[in-house]
Amino acid sequence: MTDKFIKGSNNNIIYVTSCCTNRCIMCCQPPLDEDDSTYHYKRNINLIDTADPETDYVCITGGEPTLSGDLLFDYMHRIWDKMPNSSIHLLTNGRSFANANYVEKFTKEANGKLFVGIPLHSDNYADHDVIAGAKGSFYATLKGLHNLGILGFEIELRVIILKQNYKRLDKIAEFITRNLPFVAQVSFMGLEVIGYAEKNYSKVWMDSECFTINLARAIDILDNSHIQTRIFNIPHCLLPTALWPFACKSISEWKKTNLGICSNCSMIDECCGLFSTSKRYSANLKPIIR
Ligand code: SF4
Ligand code: SF4
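Remember, it's a predicted structure, so these values are computed and weren't measured experimentally.

Reading guide: rules and limits
Residues numbered from 1 in each chain as written. Chains lettered and ligands numbered in written order. Predicted model: local features only at pLDDT ≥ 70, side-chain atom pairs only at ≥ 80, totals over all residues. Heavy atoms only, no water. Helix = DSSP H or I, 4+ residues; strand = E, 2+ residues; numbered from the N terminus. Areas by Shrake-Rupley, 256 points an atom, 1.4 Å probe, with all protein chains shown as cover. Lys, Arg positive; Asp, Glu negative; His and termini not counted. Charge placed at Lys NZ, Arg CZ, Asp CG, Glu CD. Near = heavy atom within 4 Å. 1 Å grid on protein atoms, 1.4 Å probe; cavity = no way out; pocket = protein on both sides within 12 Å on 5 of 7 lines; lining within 4 Å. Sits in = over half its atoms within 2 Å of the grid points. Nonpolar A, V, L, I, M, F, W, Y, C, P; charged D, E, K, R; others polar. Pairing = 2+ DSSP bridges. Axes fitted to C-alpha atoms, helices over the stretch in contact; angles between N-to-C directions. Points joined across faces, edges and corners; volume = space filled by probe spheres on them. Buried < 20%, exposed > 50% of the residue type's maximum accessible area, 1.4 Å probe, protein only. Right-handed = clockwise from strand over helix to strand, strands pointing away. Phe/Tyr/Trp six-rings, centres within 6.5 Å; stacked < 30°, edge-to-face > 60°. Lys NZ or Arg CZ within 6 Å of the ring centre and 35° of its normal. Salt bridge = Lys/Arg side-chain N within 4 Å of Asp/Glu carboxyl O.

Asker: How should I be thinking about the overall build of the chain in this particular structure?
Answerer: Of regular secondary structure, the chain possesses nine helices and nine strands. Expressed along its principal axes, the backbone C-alpha trace of the chain runs to roughly 50 × 40 × 35 Å. As presented, the chain carries roughly 13,300 Å² of accessible surface, and 51% of it is formed by carbon and sulfur atoms. Side chains of the chain give 30 positive and 31 negative charges; the mean places of these two sets differ by 4 Å.

In structure tokens form, the structure reads like this:
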């Protein structure tokens, strides 16, 4: 994380709490049981107070930010007061939004530009709940998505590609087009191998050569339904060229790295790079010579 918010940067992050209602098998920042939201508050307030008023992007993340109660709303108001044109990207597991009272309060407080990112791990409750490590999370997340969708919030669905769901990427895409057509964007995401993802590596890791055909099918389905689709955290050399237009430079500068082989690659400026925090990388990385 940066020590200062910077205009035009996508590294402006407010880390709210380490608590979470899920225990995802690939969580890169494993949740804590102890509430540390007041510990993070002082640093976060300083970040907001010293920000350039022209800052246009702030990500609020955790843990599960909604568990910090009114502190989340305090952050949102302070961000929009200090940086009126700033868009907040709120990363949440979505479950709190299943509660009608919470949604009502959130709607009153959320009076600025907001994009809500919510992970959907599968098209069925059994797989989703196993990946999220929380029974009932699929239906709670879906209810939360619908409550936010009805109220017109802009939503990004995040599908992290794992051994548990890579065969069903096309089914997940079909599920989204039928049940969640109101979402603004679907982001398919490569894994950051740290935290539980490192601990559970052999259980969760799936190399791209096994999922790109299914990923292409999924993107085709969403594209045909006019749902914006993006690929995050998967370098160009691991994707077929047909998927390159969907691949984003998604990894924040402060945690991005390249390997020695990358210096000979013609796509180094377009590629998302690699997580410097990851403990392992794909064995299929190779420079693209054009
Ligand atoms: S919802 Fe996010 S923070 Fe919570 S356990 Fe899952 S990956 Fe970790
Ligand atoms: S070789 Fe390196 S720079 Fe080139 S696409 Fe792969 S990860 Fe990116």
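On we go.
Asker: How do you make sense of the site of ligand 2 when you look at a structure like this?
Answerer: Lining the immediate surroundings of ligand 2 are Pro-235, His-236, Cys-237, Asn-258, Cys-262, Cys-265, Ile-268, Cys-271, Leu-285, Lys-286, Pro-287 and Ile-288. Counting atoms within 2 Å of the grid points, the majority share of ligand 2 lands in the second largest cavity. Looking at side-chain class alone, the shell around ligand 2 contains nine nonpolar, two polar and one charged residues.

Asker: Just to check I follow, could you spell out the site of ligand 1 for this structure?
Answerer: For ligand 1, the full set of nearby residues is Cys-20, Asn-22, Arg-23, Cys-24, Cys-27, Pro-31, Gly-63 and Asn-93. Assessed atom by atom at 2 Å from the grid points, ligand 1 resides in the largest pocket.

Asker: Would you explain the sheet that holds strand β2 (residues 57-61) in this entry?
Answerer: Sheets are built from strands that pair by backbone hydrogen bonding, the pairs being arranged parallel or antiparallel. The sheet built from seven strands is open, its strands ordered β1-β2-β3-β4-β5-β6-β7 with parallel pairing. The open sheet has two edge strands with one neighbour each: β1 (13-15) and β7 (228-232). On average, each strand axis in the sheet is inclined to that of its neighbour by 20 degrees, with strand direction left out of account. Of the strand pairs in this sheet, β1 and β2 are connected by three bridges, and their pairing is parallel. From the neighbouring strand, Ile-14 faces β2, where its bridge partner is Ile-60.

Asker: Could you clarify how one ought to interpret the layout of surface pockets in this entry?
Answerer: Vacant regions in the atomic arrangement are exposed by a probe of water-molecule size rolled over the atoms. Of the pockets and cavities examined, the largest pocket occupies roughly 1,300 Å³. When residues of the lining of the largest pocket are traced back to their parent elements, those giving at least two are β1, β2, β3 (87-91), β4 (114-119), β5 (154-160) and β6 (185-189). Considered class by class, the residues forming the lining of the largest pocket number 23 nonpolar, 18 polar and six charged.

Asker: Help me understand the pairing of β6, please; the structure alone is not making it clear to me.
Answerer: Looking along a regular strand, one sees the side chains alternate between the two faces of the sheet. The buried count for β6 comes to five of five residues, which makes it a mostly enclosed element. The two faces of β6 match: Gln-185, Ser-187 and Met-189 on one face and Val-186 and Phe-188 on the other face are all buried. Sheet topology note: the β5/β6 ladder contains five bridges and is parallel. For Val-159, the partnering residue across the bridge sits in β6 and is Phe-188. Chirality of the crossover, the property in question, places the unit of β5, helix α6 (residues 169-179) and β6 among those that are right-handed.

Asker: Can you walk me through the environment of Thr-38 in this structure?
Answerer: Position of Thr-38 among the secondary structure elements: in helix α1 (residues 37-49). Separated by 147 residues in sequence, Thr-38 and Gln-185 place their C-alpha atoms 32 Å apart.

Asker: So what exactly am I meant to see when it comes to the packing of aromatic side chains here?
Answerer: A ring pair, where both rings are aromatic, is described by two values, the distance of the centres and the angle of the planes. Scanning all chains against the criterion turns up 11 aromatic pairs. Relative to Phe-175, the ring of Phe-138 lies with its centre 5.9 Å away and its plane at 45 degrees, an arrangement referred to as tilted. Of the two residues, Phe-138 sits in helix α5 (residues 137-150) while Phe-175 sits in helix α6, which places them 37 residues apart along the sequence. The pair formed by Phe-138 and Phe-175 is uniform in burial state, with each residue classed as buried. Each member of the aromatic cluster is reached from another via a ring pair, and the members are Phe-73, Phe-97, Tyr-102, Phe-106 and Phe-153. Between the NZ or CZ atom of Arg-280 and the centre of the ring of Tyr-201, over which it lies, the distance is 4.0 Å.

Asker: How should the pattern of salt bridges be read in this particular structure?
Answerer: Close approach of charged atoms lets side chains of opposite charge pair. Per the stated rule, a full pass over the model turns up eight salt bridges. With a closest N to O distance of 2.9 Å, Arg-158 and Glu-156 form a salt bridge. This pair shows no difference in class: Arg-158 is buried, exactly as Glu-156 is. Note that Glu-192 is salt-bridged to Lys-255, the shortest N-O span being 3.1 Å. In this pair, Glu-192 is assigned in the loop between β6 and α7 (196-199) and Lys-255 in the loop between β7 and β8 (256-257), connecting sequence segments 63 residues apart. Per residue, the accessibility class of Glu-192 equals that of Lys-255, and both read buried.

Asker: Whenever I open this one, the pairing of β2 confuses me. Can you help?
Answerer: Within β2, four of the five residues are buried, which leaves the element mostly enclosed by the surrounding structure. Assessed by its sense of winding, the connection that carries the chain from β1 through α1 to β2 is right-handed. In the sheet, β2 pairs with β3 via four bridges, with the strands oriented parallel. By the bridge assignment for β3, Val-58 is matched with Ile-88.

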